[in-house]
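Residues per chain, in single letters:
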Amino acid sequence: MKKYLPLVLLATLSPAFATTVQNLDSIPSAIQHPEGKQIFAEQMMGTTPAKGFGELPQGLEVAQWIAWVAPNEDPKKLIMTGAKAWGKNGKYIGVACFADNQAEAEQTRKRADNGCPENYSTSRVNKLYLGVFSWQNQRLTPIARSEKPLNQLSEWNKAAEKESNDESVRPLAYYTKLDLAPYRIAPDTLAFGVRGGYSDAYSGGGAFYEVLELYAIKDNRIINVFSDLVYQYQDIAGDWNKDGTRQHDISESKYILKMRSAKTHGFYDLERVNLEDKSSHIFRWSESLQGYAP
């Protein structure tokens, strides 16, 4: 079983960029990383999120798409679809996000946040399905799909819930985008990423966490092979100023994922590097888990 520190504890222990600003208006210029700037703009300033999952290729009807990628879901519960080109020969990675019921789906579509958001009834992420397919000559050719939606908790999030009494520790609340960087985890295996996370609001401040999940194709299935924190932002309200504004303590941590030349069971070791202090953590392939473990 994978063993991870609770997410909030991990964020607290990891060295981070930190600064204090004099008021709320000064926060955007103090944020160092584009992930934080984008999240702050969306969560605090009402900026419309980018279409991180793209759009279905021209000519591919939504009904045809969801009939293959999520055949057991009710089309009336659909929240959004999307796809991005991946590699050559008309290959795409596509998604379909569903709510638990039609009313939830209708309310979520009205918000139009362009992702697969939190289900407000359950505080869990809505059901996101993945599919890899070819679209050529107006024809859909299936390659692989996820057998279950991505709302299943990873062992990492289960550990976070079990090991902390903090109610703010929650599983992934939303998925935001496809990450199609070339994650070649083996000479003959190219993985792709899905990014998501959650936000935590508290008096006078808040926190945002982003998680990267890597997926690979095995036979005609899409399987999860890696999940971990790649960015965290925290804003803690501080002292009051004489003019009625309030100071804020801002901290950030960002991590990048590197493929190492060393291999374990034929798969390249992964190195997660903290950009603040250059510390790193190695993940190696586990045959029993069919994925990476620290």
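Please read all numbers here as calculations on a predicted model, not as lab measurements.

Engineer: I'd like a description of the overall build of the chain, backed by residues and values.
Structural biologist: Within the chain, the secondary structure is distributed over six helices and 15 strands. Within the span of the chain, comprising 294 residues, buried residues form 50% of the whole. For the chain, the accessible area works out to roughly 14400 Å², and carbon and sulfur atoms hold 48% of it.

Engineer: Could you give an account of the state of the cysteines, with specific residues and numbers?
Structural biologist: The full count for this structure, using the stated rule, is one disulfide. The partner cysteine of Cys97 in its disulfide is Cys116, sulfur to sulfur 2.1 Å. Between Cys97 and Cys116 the sulfur-sulfur dihedral comes to about 70°; the bridge is accordingly right-handed. Of this pair, Cys97 sits in strand β3 (residues 91–98) while Cys116 sits in the loop between α5 (102–111) and β4 (118–119), and the two are 19 residues apart along the sequence. Of the two residues examined, Cys97 and Cys116, each falls in the buried class.

Engineer: Go over the confidence of the model for the chain, please, and point to the residues and values.
Structural biologist: On average, residues of the chain score 85 in pLDDT, and 87% of them reach the 70 mark or higher. Contacts from residues 1–13, a stretch scored under 50 in pLDDT, to residues over four places away or in other chains number 38 contacts.

Engineer: Got a sec to walk through the nonpolar core? Specific residues and values, please.
Structural biologist: Membership of the largest hydrophobic core comes to 22 residues, with the highest contact counts inside it found for Phe53, Leu128, Leu130, Tyr175, Phe192, Val194 and Tyr215. Contributions of two or more residues to this core are made by β2 (78–85), β3, β6 (127–136), β8 (174–186) and β9 (189–202). Not counting the four nearest positions on each side in its chain, Val194 is found in contact with Phe53, Leu128, Leu130, Leu150, Tyr175, Lys177, Leu178, Asp179, Val211, Leu212, Glu213 and Tyr215. Membership of the second largest hydrophobic core comes to 17 residues, among which are Ala191, Ile223, Leu257 and Phe283.

Engineer: Please set out the packing of aromatic side chains residue by residue, giving values where relevant.
Structural biologist: For the structure shown, the criterion picks out 10 aromatic pairs. Taken together, the ring pairs in this structure connect Trp65, Trp68, Tyr92 and Phe133 into an aromatic cluster. Directly above the aromatic system of Tyr255 lies the positively charged group of Arg272, at a separation of 3.9 Å from the ring centroid.

Engineer: So what's going on with the side chain of Lys127? Which residues, and what values?
Structural biologist: Its place among the elements puts Lys127 in strand β6. When its relative accessible area of 15% is taken as the criterion, Lys127 is described as buried. Within polar-contact distance, the side chain of Lys127 engages the side chain of Glu73 at 3.3 Å.

Engineer: Outline the pattern of salt bridges, supporting the account with residue identities and numerical values.
Structural biologist: It is possible for side chains bearing opposite charge to pair when their charged atoms get close. For the coordinates displayed, the defined rule picks out eight salt bridges. For the salt bridge of Lys127 with Glu73, the shortest nitrogen-to-oxygen distance reads 3.3 Å. Placement of Lys127 in strand β6 and of Glu73 in the loop between α4 (62–69) and β2 is noted, with a sequence separation of 54 residues between them. Residue Lys127 shares its accessibility class with Glu73, and that shared class is buried. Asp269 serves as the salt-bridge partner of Arg284, at 3.4 Å between the closest nitrogen and oxygen.

Engineer: Summarise the environment of Tyr120; cite the residues concerned and give the values.
Structural biologist: Examined against the element boundaries, Tyr120 turns out to sit in the loop between β4 and β5 (124–125). Among the residues examined, Tyr120 registers a relative accessible area of 56% and is labelled exposed.

Engineer: So what about the pairing of β3? Which residues, and what values?
Structural biologist: Within β3, seven of the eight residues are buried, leaving the element largely enclosed by the surrounding structure. Here seven bridges tie β2 to β3, and the two strands are oriented antiparallel to one another. What sits directly across from Met80, in β3, is Cys97. Here β2 folds back onto β3, and the loop between the two strands holds five residues, one of which, Gly87, carries a positive phi near 75°. Bridge count for β3 against β6 is eight bridges, and the pairing is antiparallel. Note that in β6 the partner of Ala96 across the bridge is Tyr129.

Engineer: Hey, could you go over unusual backbone geometry for me, with residue numbers and the actual values?
Structural biologist: One non-glycine residue with positive phi stands out, namely Gln138, at about 60°. Mapped onto the secondary structure, Gln138 falls in the loop between β6 and β7 (139–145). A relative accessible area of 54% places Gln138 in the exposed class. Not every positive phi belongs to a glycine, and Asp219 is a case in point at roughly 60°. Structurally, Asp219 can be placed in the loop between β10 (205–218) and β11 (221–240).

Engineer: Before we move on, could you go through the environment of Asn220 and cite the residues and values that matter?
Structural biologist: Summarising the element assignment, Asn220 is placed in the loop between β10 and β11. As for Asn220 and Ile143, which are separated by 77 residues in sequence, their C-alpha atoms are 6.2 Å apart. Filtering out sequence-adjacent residues up to four positions away, Asn220 remains in contact with Ile143, Ala144 and Arg145.

What counts as what
- Per-chain numbering applies: the sequence of each chain, read as written, is numbered from 1 onward.
- Under the rules for a predicted model, residues below a pLDDT of 70 receive no local features and side-chain atom pairs below 80 are neither given nor counted, while totals for whole chains, interfaces and linings still include all residues.
- Water and hydrogen atoms were dropped before computing side-chain values, which therefore reflect all heavy atoms in the structure.
- Each helix corresponds to a stretch of at least 4 residues labelled H or I by DSSP, and each strand to a stretch of at least 2 residues labelled E; elements are numbered beginning at the N terminus.
- The buried label applies to any residue whose accessible area, calculated with a 1.4 Å probe on protein chains only, is under 20% of its type's maximum; exposed applies above 50%, and partly exposed to all values in between.
- The method behind every accessible area is Shrake-Rupley, applied with a 1.4 Å probe, and residues are considered shielded solely by the protein chains displayed.
- When the sulfur atoms of two cysteines come within 2.5 Å, that pair is taken as a disulfide.
- Each residue carries a pLDDT value, the predictor's own confidence for that position, ranging from 0 to 100.
- Contacts are assigned to residue pairs with any non-hydrogen atoms lying within 4.5 Å of each other.
- Residues enter a nonpolar core if they are buried and are Ala, Val, Leu, Ile, Met, Phe, Trp, Tyr or Cys, with the set joined through side-chain atoms within 4.5 Å.
- Put simply, two rings from Phe, Tyr or Trp (the six-membered ring, in Trp's case) pair if the centres are within 6.5 Å, and we call them stacked under 30 degrees between planes, edge-to-face over 60, tilted for the rest.
- We count a charge as sitting over a ring when the NZ of a lysine or the CZ of an arginine lies within 6 Å of the ring centre and within 35 degrees of the ring normal.
- Two N or O atoms count as a polar contact when they lie within 3.5 Å, although within protein this holds only if one can serve as hydrogen donor and the other as acceptor, and sequence-adjacent residues are included solely when both atoms are side-chain atoms.
- Think of a salt bridge as a Lys or Arg side-chain nitrogen and an Asp or Glu carboxyl oxygen that are within 4 Å of each other.
- Two strands qualify as a pair provided that DSSP identifies no fewer than 2 bridges between them.

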